Amino acid sequence: IMHRKRYCVANWKMNFNGSDIQMFLSEWNNKSLNNPNIKTIFCPSFTELNITAKLLNQSNSKIGAQNVSNFSKGAFTGEVSASLIVDSGCSHVIIGHSERRQYFGETNQSVNRKTKSALNAGLIPIICVGEMLEDREAGKTEQVVKDHLVNSIAKLTEEQILNSVIAYEPVWAIGTGKTATPDQAQEVHALIRSVLSDTYSSANVADRIRIQYGGSVTPANAVALLSQPDVDGALVGGASLEAEPFADIVKAAQP
Ligand code: PEP
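### Focus: the overall build of the protein
Link 1 in the chain: Scanning the protein for helices and strands turns up 12 helices and eight strands.
Link 2 in the chain: Against the globule reference of 18 Å for 255 residues, the protein gives a C-alpha radius of gyration of 17 Å, in line with a compact fold.
Link 3 in the chain: If you line up the protein on its principal axes, its C-alpha atoms span 45 × 45 × 35 Å.
Link 4 in the chain: Out of the 255 residues belonging to the protein, those deemed buried represent 52%.
Link 5 in the chain: Considering only contacts within the protein whose residues lie at least 6 apart along the sequence, 72% involve residues at least 24 apart.
Link 6 in the chain: When the accessible surface of the protein is totalled, it reaches about 11600 Å², and 49% of it is carbon and sulfur.
Link 7 in the chain: Distance between charge centres in the protein, computed from 23 positive and 25 negative side chains, equals 5 Å.

Rendered as structure tokens:
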């Protein structure tokens, strides 16, 4: 049986300053959840990456940014490149989150360019895809997710896709308290795996890629979602803002 290491990602969005992070992590570190089978990744704002790296020094948790420039260096005022993100202690970066697609004009094309920039600098991209409520209600979930996926990963080599993570985040489930049912999540995760197996000739790819579910994950629904065969972890917003519920989600992810 294929064993994919699970990921639990805390997307702190634009919420935590340095002292919030210090408080969160001092509580977190007391829980000593260093299970080698689960990767925990904290994603603060750019300005707090360095302090987060310092505070996580002794732990095997990882750090991710929430966005990245598609440019690698130079006269791009206000942008943050992938190599600067690496320099701040990150191993991962969330790309194409639905909030960036909705409010900041992110498209599949920009997601694709940013994904390549991240990979070129040695960052692992967490590539977000997912339908809006009106897409689901119109029966277009499959079409939209396929379109997001195929275009976001366009022209990635097999080696590059194997260094990437996909996150399925139905937009209607993000921050709404409405979660996809375990069956709904599994259905789309299986679709994503089948698109990957159509796109890459090596069966290895579809089997090995981690696919996260995101959208109102809580300690109460995490076990049911994470026990689906194609769900390899959770991308968590609201429930990652306190150490206790996030720790409970990480515990639920233990194989
Ligand atoms: C997210 O923003 O990635 C997310 C899943 O948020 P929430 O858990 O709050 O729905």
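### Overview of the environment of Ile249
Link 1 in the chain: With respect to the helices and strands, Ile249 occurs in helix α12 (residues 243–252).
Link 2 in the chain: C-alpha separation for the pair Ile249 and Val217, spaced 32 residues apart in sequence, amounts to 8.0 Å.

### Focus on the packing of helix α1 (residues 18–30) against α12
Link 1 in the chain: At a minimum axis separation of 10 Å, α1 and α12 run at an interaxial angle of 45 degrees. It follows that α1 is oblique to α12 by the angle criterion. The two elements α1 and α12 cross, and the hand of that crossing is right-handed. The residues of α12 that touch α1, namely those facing Phe24, Glu27 and Trp28, are Ala243, Glu244, Phe246, Ala247 and Val250.

### A word on the site of the ligand
Link 1 in the chain: As a matter of local geometry, the ligand sits amid 14 residues, with Lys13, His97, Glu169, Gly175 and Ser216 nearest to it.
Link 2 in the chain: A distance of 2.7 Å is found between an oxygen atom of the ligand and a side-chain nitrogen or oxygen belonging to His97.
Link 3 in the chain: Within the backbone of Gly237, a nitrogen or oxygen atom sits 2.8 Å from an oxygen atom of the ligand.
Link 4 in the chain: Summarising the interface, the protein chains cover 96% of the accessible area of the ligand, which totals 290 Å² for the free molecule.
Link 5 in the chain: Its residues placed into classes, the shell around the ligand shows four nonpolar, eight polar and two charged.

### Some words on the pattern of salt bridges
Link 1 in the chain: Within the structure shown, the criterion is met by 11 salt bridges.
Link 2 in the chain: A cluster of three or more residues bridged by salt bridges with shared partners is formed by Arg4, Arg193, Asp230 and Asp232.

### What about α1?
Link 1 in the chain: With 13 residues, α1 extends 18 Å from end C-alpha to end C-alpha; this agrees with the ideal 18 Å at 1.5 Å per step.
Link 2 in the chain: Regarding α1, the residues found buried are Gly18, Ile21, Phe24, Leu25 and Trp28. Each buried residue of α1 sits inside an arc of 125 degrees when the element is viewed along its axis, so together they form one side. Of the residues in α1, the exposed ones pointing more than 90 degrees away from the buried face are Met23 and Asn30.
Link 3 in the chain: Residues of α1 that are buried make contact with β2 (38–43), α2 (49–55) and α12.
Link 4 in the chain: Its side-chain oxygen 3.1 Å from the backbone nitrogen of Ser19, Asn17 forms the N-cap of α1.

### Details of the pairing of strand β8 (residues 233–236)
Link 1 in the chain: Side-chain alternation along β8 places Gly233 and Leu235 on one buried face and Ala234 and Val236 on a second face that is also buried.
Link 2 in the chain: Note: strand β1 (residues 6–11) against β8, four bridges, orientation parallel. Within the sheet, the bridge partner assigned to Cys8 lies in β8 and is Ala234.
Link 3 in the chain: Sheet topology places strand β7 (residues 210–214) next to β8; two bridges connect them, and they run parallel. Bridge pairing links Gly214 to Leu235 in β8.
Link 4 in the chain: Crossover β7 to β8 through helix α11 (residues 219–226) is right-handed.

How each quantity is defined
- Residues numbered from 1 in each chain as written.
- Predicted model: local features only at pLDDT ≥ 70, side-chain atom pairs only at ≥ 80, totals over all residues.
- Heavy atoms only, no water.
- Helix = DSSP H or I, 4+ residues; strand = E, 2+ residues; numbered from the N terminus.
- Rg over C-alpha atoms; globule rule 2.2 N^0.38 Å.
- Buried < 20%, exposed > 50% of the residue type's maximum accessible area, 1.4 Å probe, protein only.
- Contact = heavy atoms within 4.5 Å.
- Areas by Shrake-Rupley, 256 points an atom, 1.4 Å probe, with all protein chains shown as cover.
- Lys, Arg positive; Asp, Glu negative; His and termini not counted.
- Charge placed at Lys NZ, Arg CZ, Asp CG, Glu CD.
- Axes fitted to C-alpha atoms, helices over the stretch in contact; angles between N-to-C directions.
- Parallel < 35°, antiparallel > 145°, perpendicular 65-115°, else oblique.
- Left-handed = near helix turned anticlockwise from the far one by under 90°.
- Near = heavy atom within 4 Å.
- Polar contact = N/O pair within 3.5 Å; in protein donor to acceptor, adjacent residues only side chain to side chain.
- Nonpolar A, V, L, I, M, F, W, Y, C, P; charged D, E, K, R; others polar.
- Salt bridge = Lys/Arg side-chain N within 4 Å of Asp/Glu carboxyl O.
- Expected span 1.5 Å × (residues − 1).
- Arc of directions from axis to C-beta.
- Pairing = 2+ DSSP bridges.
- Right-handed = clockwise from strand over helix to strand, strands pointing away.

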